[in-house]
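# Descriptive analysis of the structure
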There are 2 protein chains.
Amino acid sequence: MKKQLLSGLSAFVLSGAIIATTQASLSNEDQIKTRQSAYQFAAWNMGKIKAQVIDGTVEFNQAQVQAAANAIAAVANSGMGALYAPGTDKGTGWKKTRLKSEFFEQPERVREVAIGFMTAANELQKVAETGDKDAIARQFGTVGQSCKACHDDFRGR
Amino acid sequence: MKKQLLSGLSAFVLSGAIIATTQASLSNEDQIKTRQSAYQFAAWNMGKIKAQVIDGTVEFNQAQVQAAANAIAAVANSGMGALYAPGTDKGTGWKKTRLKSEFFEQPERVREVAIGFMTAANELQKVAETGDKDAIARQFGTVGQSCKACHDDFRGR
């Protein structure tokens, strides 16, 4: 788990290099489309956990919660930084991007929210393994806060 | 790994039940949008592995390949069956769905291709851990074949 976290952090910190190597194949529009897809996929999995451990509208199933937590962690650790080339605050993927230009002006804050998401998601993946519903609910809240931190600062209306 | 595979298979086999519990919250359009997102996210990660172990256009980095393999496995194990409610062969998510109506007429074949994808993706995740580039390349091919099996039978032009 520790190793995975470090890999994830490295992937983001090295995102400059990743951008350099993938820009040839991914247009700005494809970068926007792909990050919109990744967050849609993550949101679906957040929704499954919410239904089972917060709302109680779906019966708790540890295997499903674990699979959902794995999916959220996989998004967090996938090197999303490569999908944020300069200029991608303008453009349309599946829909018009809502990324604020501040994203490119505040790299320290970006790194902070990115590491926050990765750390929270990796911990959720770990807690899901225990099957402790209350602990999962608490950590789910922490992941949600890490999503919100980025939305508040870098996502427009 | 074994446990994860079984969880994934169970999630798919139980997809009827999952559909029943999630239909209330996910419209057909949202199901289509979410599955398009999941496959877009998986394809991005397939592309990263291809660039590093097949094409050699990006330097091999085991941590990045592992993260990409984790992402593909996470999609495969996420209970995608819940996003294929009857009727979702018509409709528009991010774009018009290409799902053929045959999907709902051949449940045995659907289960076969779904299990094929999960098995191949879980094995890729395992092989990525070894860092053996040739073995990863071979298993990447097997995952690609498992994608193609579903496209050939159930995806229109």
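In what follows, the structure referred to is the one given above.
Residues numbered from 1 in each chain as written. Chains lettered and ligands numbered in written order. Predicted model: local features only at pLDDT ≥ 70, side-chain atom pairs only at ≥ 80, totals over all residues. Heavy atoms only, no water.

Helix and strand counts for chain A stand at six helices and zero strands. Per-residue burial for chain A yields a buried fraction of 49% across its 157 residues. Across chain A, contacts joining residues at least 24 apart in sequence account for 74% of those joining residues at least 6 apart. Accessible area for chain A stands at about 7300 Å²; split by element, carbon and sulfur atoms hold 53% of it. (Helix = DSSP H or I, 4+ residues; strand = E, 2+ residues; numbered from the N terminus. Buried < 20%, exposed > 50% of the residue type's maximum accessible area, 1.4 Å probe, protein only. Contact = heavy atoms within 4.5 Å. Areas by Shrake-Rupley, 256 points an atom, 1.4 Å probe, with all protein chains shown as cover.)

With an RMSD of 0.0 Å, chain B superimposes on chain A once it is rotated by 180 degrees and translated 0.0 Å along the axis. What we have between these two chains is a two-fold relation. Looking at the rotation axis and the C-alpha trace of chain B, the residue lying nearest is Ser37 of chain B, at 2.1 Å. Mapped onto chain A, 100% of the interface residues of chain B are again interface residues, and the two copies thus contact each other with one and the same surface. (Least-squares fit on C-alpha atoms with pLDDT ≥ 70 in both.)

We now examine the packing of helix H3 (residues 28-55) of chain A against helix H6 (residues 133-154) of chain A. All names here are of chain A. Where H3 contacts H6, the axes come no closer than 10 Å and their chain directions differ by 140 degrees. Of the possible angle classes, the one that applies to H3 and H6 is oblique. In this structure, H3 crosses over H6, and the sense of that crossing is left-handed. Here Met46, Ile49, Lys50, Gln52, Val53 and Ile54 of H3 lie close against H6, whose contacting residues are Lys133, Ile136, Ala137, Phe140, Val143 and Gly144. Of the residues that constitute the contact of H3 with H6, the class distribution is eight nonpolar, two polar and two charged. (Axes fitted to C-alpha atoms, helices over the stretch in contact; angles between N-to-C directions. Parallel < 35°, antiparallel > 145°, perpendicular 65-115°, else oblique. Left-handed = near helix turned anticlockwise from the far one by under 90°. Nonpolar A, V, L, I, M, F, W, Y, C, P; charged D, E, K, R; others polar.)

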